[in-house]
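Coordinate analysis (summary)
The lines below spell out each chain.
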Amino acid sequence: MKTITKLLTAIMLAGVAATSATSAMADGAKIFVIGGKADDPFWSKVKKGADDAGKVAELTGGSVTWLGPQNYDNLGPDAAKLIRTALSQKPSAIVGPDWVPEAMDDAFKEVVAAGVPLIIYNSGGMDAAKRLGAMNYVGNEEYAAGLGGGAYYGSHGSKNVLCVNTLPGATNTEDRCKGIADAIAKSGGKSSQLPLPSSSFGNPTAVAEAIKAAVLKDNTIDGVITISAGDANSAANAISQANAGDKVKLASFDMDETGLQRIKAGTQMFAVDQQPYLQGFLAVSLLNGLVNYGLDLPTKPVLTGPGIVDAANVDATMAGAAAGAR
């Protein structure tokens, strides 16, 4: 009888433990991530980082949901709608970039006012995080990234660099081009911006034609830098079509495998890297730790860049790209 009683007690205790575990799992962090188009070469890496961090969240009963726009034609207002959509789902935490503050800040303030932990990532910097009441910023400081690219151009003799901006008005892209101009000015050079309609973003023909026309119109241009890896592919075609490859040095903010191959071959000088995988991974990981365990970092902001990828370190970077993380 005692044996049976002990057995029944053990079964009951196991059931209670299982129920408690199930309850704990059900209380995991429900994290929403606002980002770019999932098929965007840059944002696919951010999403991979967020998804990988999400696997840890799932082990504690949590989830990570990615919300991105269908296109970039109406970026700020569309992103604001996504923030409010995330908030309507009663999230545990939200991650988002502050691309267009005048269109998005009110939505972010609603998140904070609702008591939902917020991390700003990718765009806006720590200034935006402080202004909005977010717990941290994860990503690149875009102006500093521009300074790094402009300094690299200047140290390699470039005097007139064209910064191609297919998302004009967005804080991060404007800061990138401004940084290029300010840094190269210190070495006696100059940089101007070629702003293109946001509908050109992802349209290789439109971007290539615009760059080609600009290079042919001004034969003093000796550098072209684009705000994205995809645009760099268009710029490479434009420079080739203009027969300007010997004079015009190509660079890009961010990179894809095609751009890395150009750096390896010597037809692209460098790329400014902000490690997008880490942006998604760290932002989600920080919020998951906060929601589940009350963890926070004293390091603010958490910077993932900038870094320069050129001929000296392209091989190691290509290895990371082969794994989908660079």
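Residues numbered from 1 in each chain as written. Predicted model: local features only at pLDDT ≥ 70, side-chain atom pairs only at ≥ 80, totals over all residues. Heavy atoms only, no water.

**Observations regarding the pairing of strand β5 (residues 136–139)**
- Burial along β5 is two-sided: the face carrying Asn 136 and Val 138 and the face carrying Tyr 137 and Gly 139 are both buried.
- Note: strand β4 (residues 118–121) against β5, three bridges, orientation parallel. Across the sheet, residue Ile 119 finds its bridge partner in β5, namely Asn 136.
- Running through helix α5 (residues 125–132), the crossover from β4 to the neighbouring parallel element β5 is right-handed.
- Relative to strand β11 (residues 302–303), β5 is paired through two bridges, and the arrangement is parallel. Counted as the bridge partner of Gly 139 is Leu 303 from β11. (Buried < 20%, exposed > 50% of the residue type's maximum accessible area, 1.4 Å probe, protein only. Helix = DSSP H or I, 4+ residues; strand = E, 2+ residues; numbered from the N terminus. Pairing = 2+ DSSP bridges. Right-handed = clockwise from strand over helix to strand, strands pointing away.)

**Points about the sheet that holds strand β12 (residues 307–309)**
- Taken in spatial order, the six strands of this open sheet run β7-β6-β8-β9-β10-β12, and their pairing is mixed. Pairing within the sheet leaves two strands with one partner each, and these edge strands are β7 (190–195) and β12. This sheet shows a mean twist of 20° between the axes of neighbouring strands, independent of strand direction.
- When strand β8 (residues 223–226) meets strand β9 (residues 249–253), the two strands line up parallel, connected through four bridges. Along β9, the bridge assignment pairs Ile 225 with Ala 251. (Axes fitted to C-alpha atoms, helices over the stretch in contact; angles between N-to-C directions.)

**A word on the environment of Arg 176**
- Tracing the sequence through the fold places Arg 176 in helix α7 (residues 171–185).
- Residue class for Arg 176 comes out buried when judged on its relative accessible area of 3%.
- Here the alpha-carbon distance between Arg 176 and Ala 38, two residues 138 residues apart in the chain, equals 23 Å.
- From its side chain, Arg 176 meets the backbone oxygen of Ile 227 in a polar contact 2.7 Å long. (Polar contact = N/O pair within 3.5 Å; in protein donor to acceptor, adjacent residues only side chain to side chain.)

**What about the UniProt feature "domain: Periplasmic binding protein" (unreviewed entry) in the protein chain?**
- UniProt records the feature "domain: Periplasmic binding protein" (unreviewed entry) at residues 32–291, using the numbering of this structure.
- End C-alpha to end C-alpha, residues 32–291 measures 13 Å, and it is 52% helix and 17% strand. (UniProt positions renumbered as here; feature names shortened; annotations may be inferred.)

**A look at the side chain of Asp 256**
- In this structure, Asp 256 sits in the loop between β9 and α10 (257–265).
- Notably, Asp 256 is buried but unbridged: the nearest opposite-charge side chain belongs to Arg 262, and the N-O separation is 5.1 Å.
- For Asp 256, the side chain forms a polar contact with the side chain of Asn 233, separated by 3.1 Å.
- With residues near it in sequence (within four places) discarded, Asp 256 still touches Ala 229 and Asn 233. (Lys, Arg positive; Asp, Glu negative; His and termini not counted. Salt bridge = Lys/Arg side-chain N within 4 Å of Asp/Glu carboxyl O. Contact = heavy atoms within 4.5 Å.)

**With respect to α5**
- Along α5, the residues that are buried comprise Gly 125, Met 126, Ala 128, Ala 129 and Leu 132. Around the axis of α5, the buried residues are gathered within 155° of arc, so they sit on the same side. For α5, exposure combined with an orientation more than 90 degrees from the buried face picks out Asp 127 and Lys 130.
- Immediately downstream of α5, the backbone of Gly 133 shows phi near 85°, a positive value. (Arc of directions from axis to C-beta.)

**Some thoughts on the sheet that holds β4**
- Taken in spatial order, the six strands make up an open sheet running β2-β1-β3-β4-β5-β11, and their pairing is parallel. In the strand order of this sheet, the two ends are held by β2 (63–67) and β11, each with one partner.
- Against the sheet, helix α2 (residues 41–59) makes contact with β1 (30–34), β2 and β4, and its axis sits at roughly 160° relative to β2, the strand it touches most.

**Description of the packing of aromatic side chains**
- Evaluated as defined, the whole model comprises seven aromatic pairs.
- Taking 5.2 Å as the distance between ring centres and 70° as the angle between the ring planes, the aromatic pair formed by Tyr 153 and Phe 270 counts as edge-to-face. Of the two residues, Tyr 153 is situated in helix α6 (residues 142–155) and Phe 270 in strand β10 (residues 270–273); the sequence distance between them amounts to 117 residues. As far as the burial class goes, Tyr 153 and Phe 270 line up, both buried.
- On the numbers, 5.9 Å between centres and 15° between planes, the contact of Tyr 277 with Phe 281 is stacked. In this pair, Tyr 277 and Phe 281 are both assigned in helix α11 (residues 276–293), four residues apart and thus about one turn of the helix distant.
- Look at Phe 281 and you get partly exposed, because its relative accessible area is 28%.
- Lying across the ring of Tyr 72, Lys 37 places its NZ or CZ 5.9 Å from the centre. (Phe/Tyr/Trp six-rings, centres within 6.5 Å; stacked < 30°, edge-to-face > 60°. Lys NZ or Arg CZ within 6 Å of the ring centre and 35° of its normal.)

**Points about the side chain of Ser 252**
- With respect to the helices and strands, the residue Ser 252 is situated in strand β9.
- Side-chain polar atoms of Ser 252 contact the side chain of Gln 268, separated by 3.2 Å.
- Apart from residues lying up to four places away in sequence, Ser 252 is in contact with Ile 225, Thr 226, Ser 228, Ala 232, Gln 268, Phe 270, Ala 271 and Val 272.

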